[in-house]
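Residue-level structure breakdown
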Amino acid sequence: MELTEILLVIILVVTALVAVAVTVSILMIVNLRNKIAVQKLKFLGFYSQDTLTRENYAEFVIGNKSLNEVGIAEMGLKNGSVTFDLTALYKQRAGLRKDDRLVIEQRSSLRFRLTEQELAGVLVDGSKGKMLGSLKIYCVDLTGTLYTGKLQGVKKLAQKVLTDVKEGRISPVSAARADKSEGAEE
């Protein structure tokens, strides 16, 4: 092999190594940007039972998977095309003022729960006496981005609540009225 052929092979190998290094660097920067700049919310719903009172309730979790804090303008449940804003209820139960901002810190979550009667108030359209559509959780951040998630874990409780409403064992009540009546008992 001549010297020119050896230099050509060396140049080709170095060029290939530089191209691989640049590609890996770009992928790492894009991955890091996605972790830092992109807001990701995860939604969970649970069918739970209080261990002391044996009352069933639905618990909802809104988790922040990003490395930034997420400001929440509105959160609640969506049943078909009807939304039920639970932001004020969450603030009331958390002891916050109405004008306080909700912020989910990085790698943290918000939790709230609804009793069977409150869930029935969301599932049943009281004025028409009919059941509404599919149940989802939603959240709107301060920039106006809408996030929605399915509530697979609450489906069993929702079916039970709908059966209980049809059979007259429970009556739907709005979450705000339920809190007022609880406050009157204390």
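In what follows, the accompanying structure is described. (Residues numbered from 1 in each chain as written. Predicted model: local features only at pLDDT ≥ 70, side-chain atom pairs only at ≥ 80, totals over all residues. Heavy atoms only, no water.)

A surface patch of nonpolar side chains, about 890 Å² in accessible area, is lined by Leu3, Ile6, Leu7, Ile10, Ile11, Val14, Val18, Val22, Ile26 and Val30. Among the secondary structure elements, leucine 7 is positioned in helix H1 (residues 3–37). By relative accessible area, leucine 7 is classed as partly exposed at 45%. (Patch = residues over 30% accessible without salt bridge, like charges linked within 9 Å, V, L, I, M, F, W, Y side chains within 5 Å. Areas by Shrake-Rupley, 256 points an atom, 1.4 Å probe, with all protein chains shown as cover. Salt bridge = Lys/Arg side-chain N within 4 Å of Asp/Glu carboxyl O. Helix = DSSP H or I, 4+ residues; strand = E, 2+ residues; numbered from the N terminus. Buried < 20%, exposed > 50% of the residue type's maximum accessible area, 1.4 Å probe, protein only.)

What follows is about the environment of serine 81. Looking at the element boundaries, serine 81 is found in the loop between strand S3 (70–79) and strand S4 (82–85). The exposure class of serine 81 is exposed, given its relative accessible area of 70%. For the pair serine 81 and leucine 135, spaced 54 residues apart in sequence, the C-alpha separation works out to 9.7 Å.

In this section: a positive patch on the surface. Taken together, Lys35, Lys40, Lys42, Lys65 and Arg107 make up a surface patch of like positive charges. Among the structural elements, lysine 35 can be located in helix H1. (Lys, Arg positive; Asp, Glu negative; His and termini not counted. Charge placed at Lys NZ, Arg CZ, Asp CG, Glu CD.)

On to helix H4 (residues 155–166), then. Between the first and last C-alpha of H4 there are 17 Å, a value that for 12 residues agrees with the 16 Å anticipated at 1.5 Å per step. Within H4, burial applies to Leu157, Ala158, Val161, Asp164 and Val165. Down the axis of H4, the smallest arc covering the buried residues is 125°, so these residues share one side. Structural note: H4 exposes Lys156 and Lys166 on the side pointing more than 90 degrees away from its buried face. Residue glycine 168 follows H4 closely and has a positive phi angle near 80°. (Expected span 1.5 Å × (residues − 1). Arc of directions from axis to C-beta.)

Moving on to the pairing of S3. Burial analysis of S3 places 7 of its 10 residues in the buried class, which makes it a mostly covered element. With 3 bridges connecting them, S3 and strand S5 (residues 102–104) associate as antiparallel partners. From the neighbouring strand, glycine 71 faces S5, where its bridge partner is valine 103. As judged from the 7 bridges shared by S3 and strand S9 (residues 135–141), these two strands associate in the antiparallel manner. (Pairing = 2+ DSSP bridges.)

Two side chains carrying opposite charge are able to pair once their charged atoms lie near each other. Scanning the model with the defined rule gives 8 salt bridges in all. Salt-bridge contacts for glutamate 118 lead to arginine 93; the nearest nitrogen and oxygen are separated by 2.6 Å. Of the two residues, glutamate 118 sits in helix H3 (residues 116–123) while arginine 93 sits in helix H2 (residues 87–94), which places them 25 residues apart along the sequence. Glutamate 118 gets classed as buried once you look at its relative accessible area, which sits at 1%. For aspartate 99, the salt bridge identified is with arginine 97, shortest N-O distance 3.2 Å. In terms of burial, aspartate 99 and arginine 97 fall into one category: exposed. Salt bridges sharing partners connect three or more residues here, namely Glu116, Lys160, Asp164, Glu167 and Arg169.

Turning our eyes to something else, we now look at the side chain of threonine 87. Checked against the element boundaries, threonine 87 lands in helix H2. The exposure class assigned to threonine 87 is buried, which follows from its relative accessible area of 6%. A distance of 2.8 Å separates a polar atom in the side chain of threonine 87 from the backbone nitrogen of methionine 75. (Polar contact = N/O pair within 3.5 Å; in protein donor to acceptor, adjacent residues only side chain to side chain.)

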